[in-house]
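# Observations on the model geometry
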Amino acid sequence: METESEPYVRLTTLRQLHQVMADMNTARSLADTLQTVADGVVNGLGYELACVNLVRPDGDLVVAALSGNSAAEALITGRVGSRASWDRRLSMGEAWGDLRFIPHTEGWVLDEDDVPQWYTDGPAPRFEDEWHPSDRLFAPMYTPGAGGASCGELLGVVSVDRPRNGRRPGAWGREALQMYAFQAAIAISNARLRANMQRALVRLEREQQALRASEESFRQAFEYAPSGMAIAEMGGDQHGRILRTNDALCRLLGRPASAMRRYAFSDLVHPEDIGTLLRTSAEGGRAELRLGRRDGTYVWVSLRNSVVADAADGPRFLLTHVEDIEERKRRELQLAHRASHDALTGLPNSAELRSRLSARICQRPQSLPVGAAADAMDAAFGQFGEQEQGEYAVGEQPARLPHPSFDAYEAAGHKGHAFDFHAAGGPYDAFDHHVHTVAPEDERDDGTKGLAVLFCDLDGFKSINDRFGHNAGDAVLIEVARRLSRGVRDGDTVARLGGDEFVVLADGLGRADAQDLAVRLRNEIIQPIRVDGRAMRVGASFGIGWAHCGMTADEVLKSADERMYVEKRSRPRQHRRAG
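About the thresholds
- Residues numbered from 1 in each chain as written.
- Predicted model: local features only at pLDDT ≥ 70, side-chain atom pairs only at ≥ 80, totals over all residues.
- Heavy atoms only, no water.
- Buried < 20%, exposed > 50% of the residue type's maximum accessible area, 1.4 Å probe, protein only.
- Helix = DSSP H or I, 4+ residues; strand = E, 2+ residues; numbered from the N terminus.
- Pairing = 2+ DSSP bridges.
- Axes fitted to C-alpha atoms, helices over the stretch in contact; angles between N-to-C directions.
- Left-handed = near helix turned anticlockwise from the far one by under 90°.
- Contact = heavy atoms within 4.5 Å.
- Nonpolar A, V, L, I, M, F, W, Y, C, P; charged D, E, K, R; others polar.
- pLDDT = per-residue confidence, 0-100.
- Phe/Tyr/Trp six-rings, centres within 6.5 Å; stacked < 30°, edge-to-face > 60°.
- Expected span 1.5 Å × (residues − 1).
- Parallel < 35°, antiparallel > 145°, perpendicular 65-115°, else oblique.

## Focus: the pairing of strand 18 (residues 539-547)
Of all nine residues in strand 18, nine are buried; the element is thus mostly enclosed. Of the two faces of strand 18, the one lined by Gly539, Ser541, Gly543, Gly545 and Ala547 and the one lined by Ala540, Phe542, Ile544 and Trp546 are each fully buried. In the sheet, strand 13 (residues 450-459) pairs with strand 18 via nine bridges, with the strands oriented antiparallel. When the sheet's bridge partners are listed, leucine 451 is paired in strand 18 with alanine 547.

## Description of the packing of helix 17 (residues 470-486) against helix 18 (residues 511-525)
One way to put it is that helix 17 packs onto helix 18 with a least axis distance of 9 Å and a crossing angle of 145°. Where helix 17 crosses over helix 18, the two elements pack in a sense that is right-handed. In contact with Val480, Arg483, Leu484 and Arg486 of helix 17, helix 18 contributes Leu521, Glu524 and Ile525. Looking at the contact of helix 17 with helix 18 residue by residue, the classes come out as four nonpolar, no polar and three charged.

## Notes on the confidence of the model for the protein chain
Overall, the predicted model of the protein chain reaches an average pLDDT of 79, with 77% of residues at or above 70. Counted against residues more than four places away or in other chains, residues 376-432, with its pLDDT under 50, gives 63 contacts.

## Quick notes on the packing of aromatic side chains
Scanning the model with the defined rule gives three aromatic pairs in all. Taking 5.4 Å as the distance between ring centres and 80° as the angle between the ring planes, the aromatic pair formed by tryptophan 86 and phenylalanine 138 counts as edge-to-face. Here tryptophan 86, found in helix 4 (residues 83-89), pairs with phenylalanine 138, found in strand 6 (residues 136-142); they are 52 residues apart in sequence, far enough to count as distant. We note that tryptophan 86, like phenylalanine 138, is buried. A ring pair is formed by tryptophan 96 and phenylalanine 101, whose centres lie 4.6 Å apart and whose planes are at 10°; its orientation type is stacked.

## Notes on helix 17
Taking 1.5 Å of rise per residue, the 17 residues of helix 17 would be expected to cover 24 Å, and the 24 Å separating its terminal C-alpha atoms lies within 8% of that figure. Along helix 17, the positions that sit buried rather than exposed are Ala472, Gly473, Val476, Leu477, Glu479, Val480, Ala481, Arg483, Leu484 and Ser485.

## Digging into unusual backbone geometry
Phi at arginine 162 is positive, roughly 60°, even though this residue is not glycine. With respect to the helices and strands, the residue arginine 162 is situated in strand 7 (residues 154-163). For arginine 162, a relative accessible area of 31% puts it in the partly exposed group.

## Remarks on the packing of helix 1 (residues 11-25) against helix 2 (residues 30-44)
Viewed as axis vectors pointing N to C, helix 1 and helix 2 meet at an angle of 170°, and their least axial separation amounts to 9 Å. By the criterion of interaxial angle, the relationship of helix 1 to helix 2 is roughly antiparallel. For the pair helix 1 and helix 2, contact is made by Gln16, Leu17, Val20, Asp23 and Met24 and by Thr33, Thr36, Val37, Gly40, Asn43 and Gly44, respectively. The residue inventory of the contact of helix 1 with helix 2, partitioned by class, reads four nonpolar, six polar and one charged.

## Quick notes on the side chain of aspartate 273
Within the secondary structure layout, aspartate 273 lies in the loop between helix 10 (265-268) and helix 11 (274-279). For aspartate 273, a relative accessible area of 7% corresponds to the buried category. Contact partners of aspartate 273, with chain neighbours within four places excluded, come to Leu289 and Arg290.

## A word on the sheet that holds strand 7
Spatial ordering of the open sheet is given by 3-2-1-7-6-5-4, a layout of seven strands whose pairing is antiparallel. Two strands in the sheet have a free side with no partner beyond their single neighbour: strand 3 (80-81) and strand 4 (94-96). Examined bridge by bridge, strand 5 (residues 99-102) and strand 6 share three bridges and lie antiparallel to one another. Within the sheet, the bridge partner assigned to arginine 100 lies in strand 6 and is phenylalanine 138.

## Describing the environment of leucine 193
Take leucine 193: it is sitting in helix 6 (residues 171-206). You can call leucine 193 exposed: its relative accessible area is 57%.

## Concerning the environment of aspartate 459
Within the element layout of this structure, aspartate 459 appears in strand 13. When the C-alpha positions of aspartate 459 and isoleucine 526 are compared, they lie 9.7 Å apart, and in sequence the two are 67 residues distant.

This is the structure we're talking about:
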């Protein structure tokens, strides 16, 4: 850049400057803006190092951003230099317009002051206009004044080092740096304004004094907020009816402001989240729920309510802040799925299996005195009958509307809810709503229906791994998982415990039902599996255990595992595989 004369500036250079200016003015926060200013000097103006020193409220300057040298960034970022030392630097050396150049012949006196600085090595200059490693060049940034002049207060200083062409900047390079510092001051001022607006929104949420502020200030904070905002009725027959929305909320929901005024938030919220919404209709309430878009889909939002109070009549309106958290929810769901499911087969893993099994059994022993059991059931149903009636009749479930971030998992073949969260309780707290899990008393089928735990171990799987490799073994495991999932009912759980071991949880089965299920699943597994053109077969040994209250999940799995080994040893080795 420095070899270009003003009439012959290359179009590439102008494009670089345009790009760094655009990046600087589109940064999302003050910190991003400061870093973009430093990066723009390196990427667009041809310097190897750039540092942004920002004036603090106490007048001193702090190193807020540095670009071009990670070691220097770690060394001096966040360090502070006094205002007196900076004033001294900005009054020394040569004045290049608003820039200040301090040659190495004068700058040695600054080596011991308190301004954070880095030192670069290099040979002594051979020419008069060659850059010396100890040269210093500063570009002060002032708040814009009238007519675009930079005559306001000092915002900060951009210090640069080591031009890439090795020479001191010429007329064009000096003017470009000065113009860049002027635009950087505007961008930093705007970023501070945006940060102040965000802090004002937080204050509006926490305080109940919004209506005492001037109408114009409130209008600007409301209309130009980067996230959704709404004002709604509070109390009375029209409680929750939307009175006013900003453009951000209209864009988020795909509805015009005129249409939004016909709704209350209860009309827009997902049916499963209506209870959450009602619990947040108080001062300071906040919740994460789904709101309906015009196209029929739902978007996850963080909703926060503040009360706009009237000095005479008390609370009158709800100020609602709506933030789009769809992407965060999607990431949370993906992370939770990875933590609770096997990466190879997509089945629930060992931890998720134990969680689901523990949710069905409590610590109360299975055998209870008849009178105690009856009293416990009467107490549970009596407490249930005294509760307030919800939005749905007994036995009715709220309609499940489509949602892209959750339906994708069910479309992939997962049965039931991907995740079940259960509140922890004491040993006997489960009597409030818990239906106790029982097991058949003996080996005959007495008609008792219980929670069957089928422990499956593949026979002959190791030989497939040894002969054909782990890729073939993985393909066999995936196919076995698919066949097991296909052979159970909706609501049953098929999990991979690890290696070639699988577990099936099937509720509401008698002994004969569980044995029939094991036979059906074994017949599915022993069918040939084609992998890379080869037909492979594995066998399966099943052990059937029964879960009942009073047992732990590990005890249930151990019981099924032991029965599986008994069943495996009861068959001759040559009959353990399918062929």
